[in-house]
Amino acid sequence: LNTIFLAFRTHCEMKDTLHYLADSNKPVVFPGYPNLDIIAKIFFFVFSAEMVLRILAEQGQFCCGPSKFWNVFELVCLASMAAEQLPMENAQYVLGNMATFRIFRL
């Protein structure tokens, strides 16, 4: 479900970028997507709750167990989601499209 959301959001952002590039006389104004931002926040909170529950359930095995590298990778993915949620101006363009990194999670 998250992958479908990432694909749709990337499609919308790329479509706007291509329209901007085609009409270079227009000022740089990218429309916001408040509904997509809300859905992204929901995914962030769900994945954060999942990570907290896994850390509590696995305890020491989370950092030292057989899946420790996978757990670190998922923490990095969660950190990238957190960075996208920061209320910075043009954070998406400063940080780049970090959603691409999360697709590797599949």
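Residues numbered from 1 in each chain as written. Predicted model: local features only at pLDDT ≥ 70, side-chain atom pairs only at ≥ 80, totals over all residues. Heavy atoms only, no water.

## Thoughts on the nonpolar core
Formed by F5, C12, L36, A40, F43, F44, F47, M51, F62, L78 and M81, the largest nonpolar core amounts to eleven residues. Counting residues per element, this core draws most heavily on helix α2 (residues 34-58), which supplies six residues. If near-sequence neighbours (up to four positions away) are discounted, L36 is found in contact with F5, F8, R9 and C12. (Core = buried A, V, L, I, M, F, W, Y, C linked by side-chain atoms within 4.5 Å. Buried < 20%, exposed > 50% of the residue type's maximum accessible area, 1.4 Å probe, protein only. Helix = DSSP H or I, 4+ residues; strand = E, 2+ residues; numbered from the N terminus. Contact = heavy atoms within 4.5 Å.)

## Topic: the packing of α2 against helix α4 (residues 68-85)
Look at α2 against α4: their axes get within 10 Å of each other, and the N-to-C directions meet at 145 degrees. Between α2 and α4 the crossing geometry is left-handed. In this structure, α2 contributes A40, K41, F43, F44, F47, S48, M51, R54 and E58 to the contact, and α4 contributes N71, E74, L75, L78, M81, A82 and Q85. Residue composition of the contact of α2 with α4, by class: nine nonpolar, three polar and four charged. (Axes fitted to C-alpha atoms, helices over the stretch in contact; angles between N-to-C directions. Left-handed = near helix turned anticlockwise from the far one by under 90°. Nonpolar A, V, L, I, M, F, W, Y, C, P; charged D, E, K, R; others polar.)

## A closer look at α2
When the terminal C-alpha atoms of α2 are compared, their 36 Å separation across 25 residues agrees well with the 36 Å that a helix rising 1.5 Å per residue should span. Of the residues trailing α2, Q59 is marked for its positive phi of about 50 degrees. (Expected span 1.5 Å × (residues − 1).)

## Points about a nonpolar patch on the surface
Residues M14, L18 and L21 make up a contiguous nonpolar surface patch of roughly 320 Å² in combined accessible area. In this fold, L21 is placed in helix α1 (residues 2-22). (Patch = residues over 30% accessible without salt bridge, like charges linked within 9 Å, V, L, I, M, F, W, Y side chains within 5 Å. Areas by Shrake-Rupley, 256 points an atom, 1.4 Å probe, with all protein chains shown as cover. Salt bridge = Lys/Arg side-chain N within 4 Å of Asp/Glu carboxyl O.)

## Considering the state of the cysteines
Under the defined criterion, the tally for this structure stands at zero disulfides. Sulfur of C63: no disulfide; nearest cysteine sulfur belongs to C64 and is 5.9 Å away. (Disulfide = S-S within 2.5 Å.)

## A short note on unusual backbone geometry
The residue Q59 is not glycine, and still its phi comes out positive at about 50 degrees. Following the sequence through the fold, Q59 ends up in the loop between α2 and α3 (60-64).

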